[in-house]
Amino acid sequence: MGTKHAILLIGATVVAIGAANTAPAADYFSGKTMRLIVGSNAGGGYDTYTRLLGRHMPRHIGGRPAVTVRNMPGGGGLKSVQYAYKVAKKDGTEIANVRASNALDSILGIRGTDMDFLKFVWIGSMASDTDVCSFWHTSGVKSYDDLLKKEVTVAATGKGAQAFMFPNAINNVLGTRMKIILGYKGTGDRVLALEQGEIAGSCGINGSTLLSRITRHVKDKKLVPIIQSGLKPHPQLTHVPLTQSFAKTAEQREVLTAIFSQMEIARPYAAPPGTPADAGKILRAAFDKTMTDPKLLKESVKLRLEISPTDGAGTEAIIAKLTNLPSDIKKKARTAIGR
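None of these values were measured; they are calculated from a predicted model.

Student: Please clarify how the overall build of the chain should be interpreted in this entry.
Tutor: What the chain contains, in helices and strands, is 14 helices and eleven strands. Seen along its three principal axes, the alpha-carbon backbone of the chain occupies a region of about 90 × 45 × 30 Å. By residue count, 53% of the 339 residues in the chain fall in the buried class. The average position of the 45 basic charges and that of the 27 acidic charges among the side chains of the chain differ by 3 Å.

Student: Explain the pairing of strand S8 (residues 201-206) to me, please; I cannot follow it from the model alone.
Tutor: Looking down a regular strand, the side chains alternate between one sheet face and the other. Counting buried residues along S8, six of its six residues qualify, which places the element largely inside the surrounding structure. As defined by bridge partners, strand S5 (residues 131-136) adjoins S8 across four bridges and the pair is classed as antiparallel. When the bridges of S8 are listed, Val132 appears paired with Ile205.

Student: Explain the pattern of salt bridges to me, please; I cannot follow it from the model alone.
Tutor: Close approach of charged atoms allows side chains of opposite charge to pair. The final tally for this structure, using the stated rule, is ten salt bridges. Here Arg267 and Asp129 are joined by a salt bridge, their closest N and O atoms 3.9 Å apart. Residue Arg267 is located in the loop between helix H10 (250-260) and strand S10 (268-271), and its partner Asp129 is located in the loop between strand S4 (121-125) and S5; the two are separated by 138 residues in the primary sequence. Judged by its relative accessible area of 1%, Arg267 is buried. Take Asp129: its relative accessible area is 5%, and that puts it in the buried class. Across the pair Glu264 and Lys232 runs a salt bridge whose closest N-O atoms are separated by 3.0 Å. Highlighted residues: Glu264 in the loop between H10 and S10 and Lys232 in the loop between strand S9 (223-229) and H10, separated in sequence by 32 residues. Residue classification places Glu264 among the partly exposed residues on the basis of a relative accessible area of 21%. We classify Lys232 as partly exposed; its relative accessible area is 41%.

Student: Got a minute to help me understand the environment of Ala279 in this structure?
Tutor: Here Ala279 shows up in helix H11 (residues 277-290). Among the residues examined, Ala279 registers a relative accessible area of 0% and is labelled buried. In this structure, the C-alpha to C-alpha distance between Ala279 and Ser327, residues 48 residues apart in sequence, is 35 Å. Setting aside residues no more than four positions away along its own chain, Ala279 makes contact with Tyr28, Asp91 and Gly92.

Student: What is the right way to look at the sheet that holds strand S1 (residues 33-38) in this model?
Tutor: Sheet strands pair via backbone hydrogen bonds, and the direction of the pair is either parallel or antiparallel. Spatially, six strands are ordered S2-S1-S3-S10-S4-S11 in an open sheet, and the strand pairing comes out mixed. Each having just a single partner strand, strand S2 (66-71) and strand S11 (310-311) make up the two edges of the open sheet. Two elements, strand S3 (residues 94-97) and S10, share two bridges in a ladder whose sense is antiparallel. Across the sheet, Ala96 pairs through a bridge with Ala270, a residue of S10. Contacting S1, S2 and S3, helix H3 (residues 78-86) crosses the sheet at an angle of about 145° to S1.

Student: Help me out: how do you make sense of the packing of aromatic side chains in this one?
Tutor: Two descriptors summarise a pair of aromatic rings, namely the distance from one centre to the other and the angle between the planes of the rings. Using the criterion set out here, one finds six aromatic pairs in the structure. An angle of 70° between the planes, with centres 4.8 Å apart, marks the rings of Tyr28 and Phe29 as edge-to-face. Of the residues examined, Tyr28 reaches a relative accessible area of 23% and is grouped as partly exposed. An angle of 15° between the planes, with centres 3.8 Å apart, marks the rings of Tyr144 and Phe246 as stacked. With Tyr144 in helix H5 (residues 144-149) and Phe246 in the loop between S9 and H10, this pair connects stretches of sequence that are 102 residues apart. Take Tyr144: its relative accessible area is 8%, and that puts it in the buried class. A relative accessible area of 24% means that Phe246 is categorised as partly exposed. Each member of the aromatic cluster is reached from another via a ring pair, and the members are Tyr85, Phe117, Phe120 and Trp122. The cationic tip of Arg70 hangs over the ring face of Tyr83; the distance from NZ or CZ to the ring centre is 5.5 Å. Sitting over the face of the ring of Tyr46, Arg267 holds its NZ or CZ atom 4.7 Å from the ring centroid.

Student: Would you take a moment to explain the confidence of the model for the chain for this structure?
Tutor: Regions with low pLDDT should not have their predicted coordinates read in detail. Within the chain, residue pLDDT values average 90, and 92% of them lie at 70 or more. Long-range and interchain partners of residues 1-23, a stretch whose pLDDT sits below 50, account for five contacts in this model, where long-range means more than four residues apart.

Student: I'm lost on the environment of Val224 in this one. Help?
Tutor: Mapping Val224 onto the fold places it in strand S9. Spatially, the C-alpha atoms of Val224 and Gly43 are 21 Å apart, while their sequence positions differ by 181 residues. Discounting chain neighbours no more than four positions away, the residues touching Val224 are Cys133, Ser134 and Phe135.

Student: Looking at this model, I keep getting lost on the packing of helix H2 (residues 45-56) against helix H12 (residues 294-303). Mind explaining?
Tutor: Two numbers describe a pair of packed helices, the interaxial angle and the distance between the axes. Between H2 and H12, the shortest axis-to-axis distance is 10 Å and the interhelical angle comes to 155°. Our classification of the angle between H2 and H12 gives roughly antiparallel. Crossing geometry of H2 relative to H12 is assigned as right-handed. Here H2 contributes Thr48, Leu52, Arg55 and His56 to the contact with H12, which in turn contributes Lys295, Leu296, Glu299, Ser300 and Leu303.

Thresholds, definitions, all that
- Residues numbered from 1 in each chain as written.
- Predicted model: local features only at pLDDT ≥ 70, side-chain atom pairs only at ≥ 80, totals over all residues.
- Heavy atoms only, no water.
- Helix = DSSP H or I, 4+ residues; strand = E, 2+ residues; numbered from the N terminus.
- Buried < 20%, exposed > 50% of the residue type's maximum accessible area, 1.4 Å probe, protein only.
- Lys, Arg positive; Asp, Glu negative; His and termini not counted.
- Charge placed at Lys NZ, Arg CZ, Asp CG, Glu CD.
- Pairing = 2+ DSSP bridges.
- Salt bridge = Lys/Arg side-chain N within 4 Å of Asp/Glu carboxyl O.
- Contact = heavy atoms within 4.5 Å.
- Axes fitted to C-alpha atoms, helices over the stretch in contact; angles between N-to-C directions.
- Phe/Tyr/Trp six-rings, centres within 6.5 Å; stacked < 30°, edge-to-face > 60°.
- Lys NZ or Arg CZ within 6 Å of the ring centre and 35° of its normal.
- pLDDT = per-residue confidence, 0-100.
- Parallel < 35°, antiparallel > 145°, perpendicular 65-115°, else oblique.
- Left-handed = near helix turned anticlockwise from the far one by under 90°.

Structural data, given as structure tokens:
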């Protein structure tokens, strides 16, 4: 072989290797098992959404990997997020329900400050939502004004949970008198406590969860939604006022809006920092296809789950917006949350 031909052959080989290293392989996940990490106990909203995703997403991934779900509750989702950030496999086979509330905690310098949430490979969010504060029918709470007049107990898993963050912010900004009891395991645990009269109500239950997992109590008017926190009302709860509508000053409204904006990505998923770009592309494309999959949409109706997705780029943009909040708003939001 002549020198010229040898050089051409070597050049072609380098190009071929380069293409193999940059183009997503159709069978990248063939023979592999994916693990979906969810930071709550089985049966709650995060778990229900995650298992729905796990049942349908593999059809849209080349190689059709097997999927398992691992529940990793603790710290209001922080335990699972730290696992995803520091321990999970960085090959695309482990993705996690990375809550926006944990991201905001980190951004405000409260907890999880050793993590940079912009380094996650954001795959997408299955739904926007609202956080609903609801009260048992015997609690004496029938309207927002009642929350200003008397102390009432609500439940939360831990200080990193939305169920702590939101009512505490509402107390500090608007002057409500919700006493937060910590140590409850999840949505099911809190509902049982409501039924048994241990607590008067609960925030930190998303509108979608309220209408899918606790439908009977809402329909029977045993659990009464009082206020909802988000940027827009839940489509089926338009009669329930937005929390920030009770703000008396522009500053109060601005701080609450900054805290509640996380509800635009209420069901987000991400792969660990360091996940190869090719694997991230595959996962993002599969997620987008899954969100329009007729089989998933049919099952979501059966489960009464809202599907209002945000793609990976859009989810990342919202995390970036939270990261880049003005420093004075960050300081006020942290004070409002109370930690």
